[in-house]
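Here are the chains, one letter per residue:
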Amino acid sequence: MFFKFNLLGLASSFLLFYTALSNNPWWTVYGGVGDERTFSAEVSPFNISVEVLGKPATVPILFYLNMAARLSILLAAATTLSGSLVANKPRSKPLISLRGLMLPLLFPIGLYVTLNLASSYANVSLPLIGRSTIKYTINYGGLRIDTETAVEAALTQEYWIALTAGILSALAKSVHDRTAADQHFEW
């Protein structure tokens, strides 16, 4: 009996499982100096944590959106694993999912749009990547208070792992027929 495996698909599925089960952020932004943070945000499609002046900011619907993203990637990982394990079956190629690539591609676009919306709403401009200074003016009781806050934002290693998993998924799907014909293991 011959078993054929798609090794790129196997690698992709394991990275997708890791990505979906990790609660580490894909993007971080911190405002303040040193350990004194005015605000912070740690964002991934699976978990969003925002603190302002040391207090958590929560939006109840985010839990459900994060759960939907996590389940979607877990399903993509499971189907990619299944399709990669039975590469010699005709139904195996459609099981290799490209959803693992779509999420890391859409993530920075969603961040960019969200940051621009926040900029127009709160009149504060946060960077997608890099350092900047936020200048904000507060008018209170006839007084004007000007503030400046140092800000640092970055895509994390977790994002790059997720993007690698997605690229491996796309490669696994594109070379699936040839991979299945070339590799086999006899039991």
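Our structure is the block above this text.
Caption draft 1: Representation of the packing of helix 1 (residues 7-21) against helix 4 (residues 157-174) in the model. Interhelical geometry of helix 1 versus helix 4 gives an angle of 150° and a closest axis separation of 8 Å. By the angle between their axes, helix 1 is roughly antiparallel relative to helix 4. The two elements helix 1 and helix 4 meet at a crossing, and its hand is left-handed. Where helix 1 approaches helix 4, its residues Leu8, Gly9, Ala11, Ser12, Leu15, Leu16, Tyr18 and Thr19 are matched on the opposing element by Glu158, Ile161, Ala162, Thr164, Ala165, Leu168, Ser169, Leu171 and Ala172.

Caption draft 2: Structural view of the sheet that holds strand 3 (residues 36-44). Strand order in this open sheet of six strands is 5-4-3-2-7-6, and the pairing throughout is antiparallel. For this open sheet the edge positions go to strand 5 (55-57) and strand 6 (130-140), each flanked by a neighbour on one side alone. Averaged over all pairs of adjacent strands, the angle between strand axes in this sheet comes to 25°, irrespective of strand direction. Note that strand 2 (residues 27-33) and strand 3 share seven bridges and pair antiparallel. Its bridge partner lying in strand 3, Tyr30 is registered against Ser40. Packed onto the sheet, helix 3 (residues 99-122) meets strand 2, strand 3, strand 6 and strand 7 (143-155) and runs at close to 35° relative to strand 2.

Caption draft 3: Structural context of the packing of aromatic side chains. Here the structure, examined in full by the defined rule, presents six aromatic pairs. Centre to centre, the rings of Trp26 and Phe46 are 5.7 Å apart; their planes meet at 85°, and the pair counts as edge-to-face. Pair noted here: Trp26 is in the loop between helix 1 and strand 2 and Phe46 is in the loop between strand 3 and strand 4 (47-52), with a separation of 20 residues, a long-range link. The two residues Trp26 and Phe46 agree in class, both being buried. A centroid spacing of 5.1 Å and a plane angle of 70° characterise the contact between Trp26 and Phe107, whose relative ring orientation is edge-to-face. Placement of Trp26 in the loop between helix 1 and strand 2 and of Phe107 in helix 3 is noted, with a sequence separation of 81 residues between them. Each member of the pair, Trp26 together with Phe107, is buried. Aromatic ring contacts, followed pair by pair, group Trp26, Phe46, Phe107, Tyr159 and Trp160 into a single cluster. Taking NZ or CZ as reference, Arg37 lies 3.9 Å from the ring centre of Tyr30, over its face.

Caption draft 4: Focus on the environment of Arg37. By the secondary structure assignment, Arg37 is in strand 3. In the structure, Arg37 is positioned 113 residues away from Ala150 in sequence and 9.5 Å away in space, judged by C-alpha atoms. When neighbours within four sequence positions are excluded, Arg37 is seen to be in contact with Tyr30, Gly31 and Gly32.

Criteria and thresholds
- Residues numbered from 1 in each chain as written.
- Predicted model: local features only at pLDDT ≥ 70, side-chain atom pairs only at ≥ 80, totals over all residues.
- Heavy atoms only, no water.
- Axes fitted to C-alpha atoms, helices over the stretch in contact; angles between N-to-C directions.
- Helix = DSSP H or I, 4+ residues; strand = E, 2+ residues; numbered from the N terminus.
- Parallel < 35°, antiparallel > 145°, perpendicular 65-115°, else oblique.
- Left-handed = near helix turned anticlockwise from the far one by under 90°.
- Contact = heavy atoms within 4.5 Å.
- Pairing = 2+ DSSP bridges.
- Phe/Tyr/Trp six-rings, centres within 6.5 Å; stacked < 30°, edge-to-face > 60°.
- Buried < 20%, exposed > 50% of the residue type's maximum accessible area, 1.4 Å probe, protein only.
- Lys NZ or Arg CZ within 6 Å of the ring centre and 35° of its normal.

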